[in-house]
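# Examination of the molecular architecture
Here are the chains, one letter per residue:
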Amino acid sequence: MGYVDEILEPGEKVVFKTRLSWTLYGPAIVYALIALALTFFAASAAGFGVAVFVVAALAAFAALISFLRAWFRRWTTEIAVTDRRVVLKRGFVRRHTVEMNMQKVESVDVDQTQLGRLFNYGTVTIKGTGSTLESLRMIDHPLKLRSAITAG
């Protein structure tokens, strides 16, 4: 049971849930590919074997750390739209939550780069009355999130 499910008021229903994009794993994938390439190079190159294996091990370690960071960030972030409000929760020990009533939402802006359009992620900026501004970066399905907010 997640944070959003725990804070629902009686009769409140979740309309849409999303999360951070899987592209957060990009650096980990790059480090892993570098480690793999260096391992193959070290296996085929004479005289450079040990030094290249050390660099490959460091790249593999960087891939592991990067993967764990991205996984943890993705796991501890919840984004949901209910029939009454928009809810964002980030963090595990140090938690940051934002809740905005649907009546307070003035506009929802979506910004996607070319890669964002290709992999369906982007930044969603929710503007509330009283100049409240919340930007949600690297969000999966940003257009569906915008539609869920503006339809409510």
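Scroll up for the structure.
Now for a quick tour of the structure. (Residues numbered from 1 in each chain as written. Predicted model: local features only at pLDDT ≥ 70, side-chain atom pairs only at ≥ 80, totals over all residues. Heavy atoms only, no water.)

## With respect to the environment of V87
Its place among the elements puts V87 in strand β3 (residues 85–90). Sequence spacing of V87 and V30 is 57 residues, and the spatial spacing of their C-alpha atoms is 32 Å. With residues near it in sequence (within four places) discarded, V87 still touches Y3, V4, I7, E78, I79, A80, V98 and E99. (Helix = DSSP H or I, 4+ residues; strand = E, 2+ residues; numbered from the N terminus. Contact = heavy atoms within 4.5 Å.)

## Overview of the sheet that holds strand β7 (residues 132–140)
Taken together, 3 strands build an open sheet; the order of strands is β5-β6-β7 and the sheet is antiparallel. Whereas interior strands pair on both sides, the edge strands pair on one side only; in this sheet they are β5 (105–111) and β7. In this sheet, neighbouring strand axes are inclined to one another by 20° on average, regardless of whether the strands run parallel or antiparallel. Examined bridge by bridge, strand β6 (residues 121–128) and β7 share 7 bridges and lie antiparallel to one another. Bridging from a neighbouring strand, V124 pairs with L136 of β7. Each of β5, β6 and β7 is contacted by helix α5 (residues 142–151), which is oriented at about 170° to β5, the strand it contacts most. (Pairing = 2+ DSSP bridges. Axes fitted to C-alpha atoms, helices over the stretch in contact; angles between N-to-C directions.)

## Thoughts on the sheet that holds strand β1 (residues 14–18)
Taken in spatial order, the 4 strands of this open sheet run β1-β2-β3-β4, and their pairing is antiparallel. The open sheet has two edge strands with one neighbour each: β1 and β4 (96–101). Neighbour-to-neighbour, the strand axes of this sheet turn through a mean angle of 10°, independent of strand direction. Here β1 runs beside strand β2 (residues 78–82); their pairing, made up of 4 bridges, is antiparallel. By the bridge assignment, T18 is partnered in β2 with I79.

## Brief notes about the pattern of salt bridges
Side chains carrying opposite charge are able to pair once their charged atoms draw close together. Applying the stated rule across the entire model yields 7 salt bridges. K17 serves as the salt-bridge partner of D5, at 3.5 Å between the closest nitrogen and oxygen. On the criterion of sequence distance, the pair formed by D5 in helix α1 (residues 3–7) and K17 in strand β1 is long-range, its members being 12 residues apart. Under the relative-accessibility criterion, K17 is labelled partly exposed at 43%. Salt-bridge contacts for D140 lead to R74; the nearest nitrogen and oxygen are separated by 3.4 Å. Taken as a pair, D140 in strand β7 and R74 in helix α3 (residues 49–75) lie far apart in primary sequence, 66 residues in all. (Salt bridge = Lys/Arg side-chain N within 4 Å of Asp/Glu carboxyl O. Buried < 20%, exposed > 50% of the residue type's maximum accessible area, 1.4 Å probe, protein only.)

## Focus on the packing of aromatic side chains
Per the counting criterion, the structure on display carries 7 aromatic pairs. Measuring from centroid to centroid gives 5.4 Å for W71 and W75, while their planes differ by 5°, and the two rings are stacked. With W71 and W75 both in helix α3 and 4 residues apart, the pair spans about one turn of that helix. Note on W71: relative accessible area 38%, which makes it partly exposed. Residue classification places W75 among the partly exposed residues on the basis of a relative accessible area of 46%. Among the aromatic residues, those joined into a ring-pair cluster are W71, F72, W75 and F92. (Phe/Tyr/Trp six-rings, centres within 6.5 Å; stacked < 30°, edge-to-face > 60°.)

## A few points about the pairing of β3
When you tally the buried positions in β3, you get 5 out of 6 residues, the bulk of the element. Of the strand pairs in this sheet, β2 and β3 are connected by 4 bridges, and their pairing is antiparallel. Within the sheet, the bridge partner assigned to A80 lies in β3 and is V87. The turn joining β2 and β3, which pair antiparallel and follow one another in sequence, is formed by 2 residues. If you look at the hairpin formed by β3 and β4, you'll find 5 residues sitting between the two strands, and G91 has a positive phi there, around 100°.

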